[in-house]
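A closer look at the structure
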Amino acid sequence: MVEITELEMKQLCEFVQKNFGITLFEKKNLVEGRLAKHLSDLGIDSFDDYFQRVVNDRSGEEISFLMDKLTTNHTFFMREASHFDYFRDTVLPWLVNTVKDKDLRIWCAGCSTGEEPYTLAMIVSDFLNKYEIGWDRKILATDISSVVLNTAKKGIYKGEAVRTLPIAWQLAYFIPTGNDRFRVCSDIQNQVVFRSFNLMEPILPFKKQFHVIFCRNVMIYFNQETKSQLVQRYYDQTVPGGYLFIGHTESLGQETMGYKYVLPSVYRK
């Protein structure tokens, strides 16, 4: 197995932190374990040579592969279900009574393979079907990894994942494709817009603020300074009264920036 030297580790970690905000300095075993086989497959015998390949890759494919390997894209439908209950029972009623132009603006940052935004789309559909038509239900879902985004866009999941959902959802929102695989129906797929996006961009390129931002289990990779800067950008992109959801194991602490604590891992501007 190709081993990484201290200098190579420092070089790679500084690059990843500067460009993506992710801190890996204390995770040498993780870096080696997740990349050594890839280096071997490429015929590269040092991490320095691999680093040069990454920084000189103008297609962005190698960087995307690197970030996919170094981050844990573990997700599933209805993960941390209490968030979705609160979104359905408290946030959506507030939105329906507040958003006069019927333009719901929801952002899933770090959407991984798509289960989170699709879950939100199904909840929104269930809820808004009780009201008159005309609502813009588009949900923005972003990630830095083209690998997970490609999976998310296809919207095809194993039967064991789909069968954890309510029977009504399985029947209404999923189509069997064979081999115990199910595809999210086109109505739900069309409600989610997937985009490649690096959260370290200093200015978020969105014309309008969001009513709800989900950024769950993403900031665990960031150091305190990066996390504070990102939360500030989220705050600036949230409408007054809007919500920020983070992971159950995360907290904002002193960097709430103006968000008001609502309940564990839920904040409001």
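None of these values were measured; they are calculated from a predicted model.

Scanning the model with the defined rule gives 20 aromatic pairs in all. Centroid distance Tyr118 to Phe194: 5.6 Å. Interplanar angle 75°. Geometry classified as edge-to-face. Of the two residues, Tyr118 sits in helix H6 (residues 115–128) while Phe194 sits in strand E6 (residues 192–196), which places them 76 residues apart along the sequence. The burial state of Tyr118 is the same as that of Phe194; both residues are buried. Judged by centre distance (5.2 Å) and plane angle (80°), the ring pair of Phe206 and Phe210 falls under edge-to-face.

With respect to topology, three strands assemble into an open sheet ordered E3-E5-E4, the strand pairing being antiparallel. The open sheet is flanked by strand E3 (156–158) and strand E4 (174–178), the only strands paired with a single partner. Put simply, the sheet's adjacent strands are angled 35° from each other on average, direction ignored. Across four bridges, E4 lies against strand E5 (residues 181–184) in antiparallel orientation. Each bridged residue has a counterpart across the sheet, and for Gly178 the counterpart in E5 is Arg181.

Within strand E8 (residues 238–246), eight of the nine residues are buried, which leaves the element mostly enclosed by the surrounding structure. In terms of strand pairing, strand E7 (residues 210–215) meets E8 through five bridges, oriented parallel. Opposite Ile213, over in E8, you have Leu244 as the bridge partner. With helix H11 (residues 224–236) bridging E7 and the parallel E8, this β-α-β connection has right-handed handedness. Bridge analysis of E8 against strand E10 (residues 266–268) gives three bridges, and the strand direction is antiparallel. Pairing of Tyr243 across the sheet is with Arg268, part of E10.

So, about the layout of surface pockets. The computed volume of the second largest pocket comes to approximately 270 Å³. Lining the second largest pocket are 13 residues, with Asp103, Leu104, Arg105, Lys208 and Phe210 sitting closest to its centre.

Its place among the elements puts Gly247 in the loop between E8 and strand E9 (260–263). In this structure, the C-alpha to C-alpha distance between Gly247 and Cys215, residues 32 residues apart in sequence, is 7.3 Å. In this structure, Gly247 is in contact with Glu80, Cys215, Arg216, Asn217 and Ser265, ignoring residues within four places of it in sequence.

The next thing to look at is the confidence of the model for the protein chain. When pLDDT is averaged along the protein chain, the result is 88; 96% of the residues meet or exceed 70. Per-element averaging of pLDDT across the protein chain places helix H4 (residues 61–70) at the bottom with 80 and E7 at the top with 97.

On to unusual backbone geometry. Phi at Asn179 is positive, roughly 55°, even though this residue is not glycine. Judged by its relative accessible area of 73%, Asn179 falls in the exposed class. The backbone phi angle of Ser265 is positive, close to 70°, even though this residue is not glycine. Following the sequence through the fold, Ser265 ends up in the loop between E9 and E10.

Moving on, we get to the sheet that holds E10. Read from one edge of the open sheet, seven strands run E6-E2-E1-E7-E8-E10-E9, paired in mixed fashion. Pairing within the sheet leaves two strands with one partner each, and these edge strands are E6 and E9. When strand polarity is set aside, the average angle formed by the axes of neighbouring strands in this sheet is 20°. Those strands touched by helix H7 (residues 146–154) are strand E2 (139–143) and E6, and its axis lies near 165° from that of E6.

Conventions adopted
- Residues numbered from 1 in each chain as written.
- Predicted model: local features only at pLDDT ≥ 70, side-chain atom pairs only at ≥ 80, totals over all residues.
- Heavy atoms only, no water.
- Phe/Tyr/Trp six-rings, centres within 6.5 Å; stacked < 30°, edge-to-face > 60°.
- Helix = DSSP H or I, 4+ residues; strand = E, 2+ residues; numbered from the N terminus.
- Buried < 20%, exposed > 50% of the residue type's maximum accessible area, 1.4 Å probe, protein only.
- Pairing = 2+ DSSP bridges.
- Axes fitted to C-alpha atoms, helices over the stretch in contact; angles between N-to-C directions.
- Right-handed = clockwise from strand over helix to strand, strands pointing away.
- 1 Å grid on protein atoms, 1.4 Å probe; cavity = no way out; pocket = protein on both sides within 12 Å on 5 of 7 lines; lining within 4 Å.
- Points joined across faces, edges and corners; volume = space filled by probe spheres on them.
- Contact = heavy atoms within 4.5 Å.
- pLDDT = per-residue confidence, 0-100.

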